[in-house]
Amino acid sequence: MTTSTRGTAKVPAVLVLEDGRTFRGRAYGAMGVTFGEAVFSTGMTGYQETLTDPSYHRQVVVMTAPHVGNTGVNDEDPESQRIWVAGYVVRDPARIPSNWRSRRSLDEELARQGVVGISGIDTRALTRHLRERGAMRVGIFSGNALPDEGTMLAEVRQAPEMQGADLSAEVATKEAYVVPAIGGKKFTVAAVDLGIKGMTPHRMAERGIEVHVLPATATVEDVYAVEPDGVFFSNGPGDPATADGPVAVMQAVLERKTPLFGICFGNQILGRALGFGTYKLKYGHRGINQPVQDRTTGKVEVTAHNHGFAVDAPLDRATDTPYGRVEVSHVCLNDNVVEGLQLLDQPAFSVQYHPEAAAGPHDAAYLFDRFVQLMEGQRA
């Protein structure tokens, strides 16, 4: 339940974690009540892309950067048609946005879209708590008639957990659409939308790819009806253990040896399709400054992440699967989490992060070129 109002800067708000830890601050954005999984993002910029990333569906995002909202909100940077975060937590929101592209303040945009937030709390202490205890359910309550802490805590503990959540169909397109190639068309790609960001098909279109974006519920027949040169599986929210439909589609793609590329949720889908398990990380990777090593080249990249689950695959050897051998191609240098998979006997690979660089560094842009090379090789 949310109610958008102005003048929330002095309205009291309370953040309650499911383990009972409580933070008191001021309302930010819409006033009301919201619930979700508390996670933190370490990016110092790019908040507009974070807010509109469908992968954040049902998550309350804590910004570790203390000062948020400096550049306001524009109409060019959203990655989807709406804000997807369940709630937003900042320490010191900008009082006056300053940027030539700004159209309104972040506070106004959150209120306009009914997103309940809180400001004026110690986000450093909250982040440390989540690092030590792990991501957990949370509620934000604001307004003049706040319930007592016992009632708030009980409501938080009744909220659904992220583990076991099947969410991709809730954020994906309901109807297929086409993003035309920029310049001459070279390839056709079927992109299964599990929570795709707008910049992703644009990056492919820049490389002469006509992208047919399909719903998360797309069947094998839907994929091959567009006569694709390659198949792409996008990022998205939820627990990959629930994604039996996309896993079955990916296995059919692997059987046909069609060039395949997956990112984020798509990486976890590939892991499952190959027979690996997935598991929930303690607090996940979120931000635009995560170090990853491409083990195929030895190069270290600064990358953009948003994931709370990971693939359980061996780092020290290639693994035999029904579709050929596979090895871990990328690894996070902070904690050795699997960040990419590559098949050695057919054209398929994936990464756990976001190479579209919206917002974020451009170190991983070459992955779209690698996808093009696979399709060129298959055509040859």
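By the naming in an unreviewed UniProt entry, the protein goes by Carbamoyl phosphate synthase small chain and is assigned to Streptomyces blastmyceticus. Word for word, the UniProt comment on the protein under Sequence similarities (unreviewed entry) is "Belongs to the CarA family."

(A) Quick peek at the packing of aromatic side chains. One pass over the structure, following the stated rule, counts six aromatic pairs. Plain terms: the ring middles of Phe232 and Phe261 are 5.5 Å apart, the flat faces sit at 70° to each other, and that makes the pair edge-to-face. Pair noted here: Phe232 is in strand β14 (residues 230-233) and Phe261 is in strand β15 (residues 260-263), with a separation of 29 residues, a long-range link. Given a relative accessible area of 0%, Phe232 falls into the buried group. Owing to a relative accessible area of 0%, Phe261 belongs among the buried residues under this scheme. Linked through ring pairs, Phe232, Phe261, Phe349, Phe368 and Phe371 together constitute an aromatic cluster. When the ring centre of Trp84 is taken as reference, the NZ or CZ atom of Arg82 above it lies at 3.8 Å.

(B) Focus on the UniProt feature "domain: Carbamoyl-phosphate synthase small subunit N-terminal" (unreviewed entry) in the protein. Here the UniProt-annotated "domain: Carbamoyl-phosphate synthase small subunit N-terminal" (unreviewed entry) positions come out as residues 11-141. The straight-line gap between the two end C-alpha atoms of residues 11-141 is 11 Å; of that span, 18% is helix and 36% is strand.

About the cut-offs
Residues numbered from 1 in each chain as written. Predicted model: local features only at pLDDT ≥ 70, side-chain atom pairs only at ≥ 80, totals over all residues. Heavy atoms only, no water. UniProt positions renumbered as here; feature names shortened; annotations may be inferred. Phe/Tyr/Trp six-rings, centres within 6.5 Å; stacked < 30°, edge-to-face > 60°. Helix = DSSP H or I, 4+ residues; strand = E, 2+ residues; numbered from the N terminus. Buried < 20%, exposed > 50% of the residue type's maximum accessible area, 1.4 Å probe, protein only. Lys NZ or Arg CZ within 6 Å of the ring centre and 35° of its normal.

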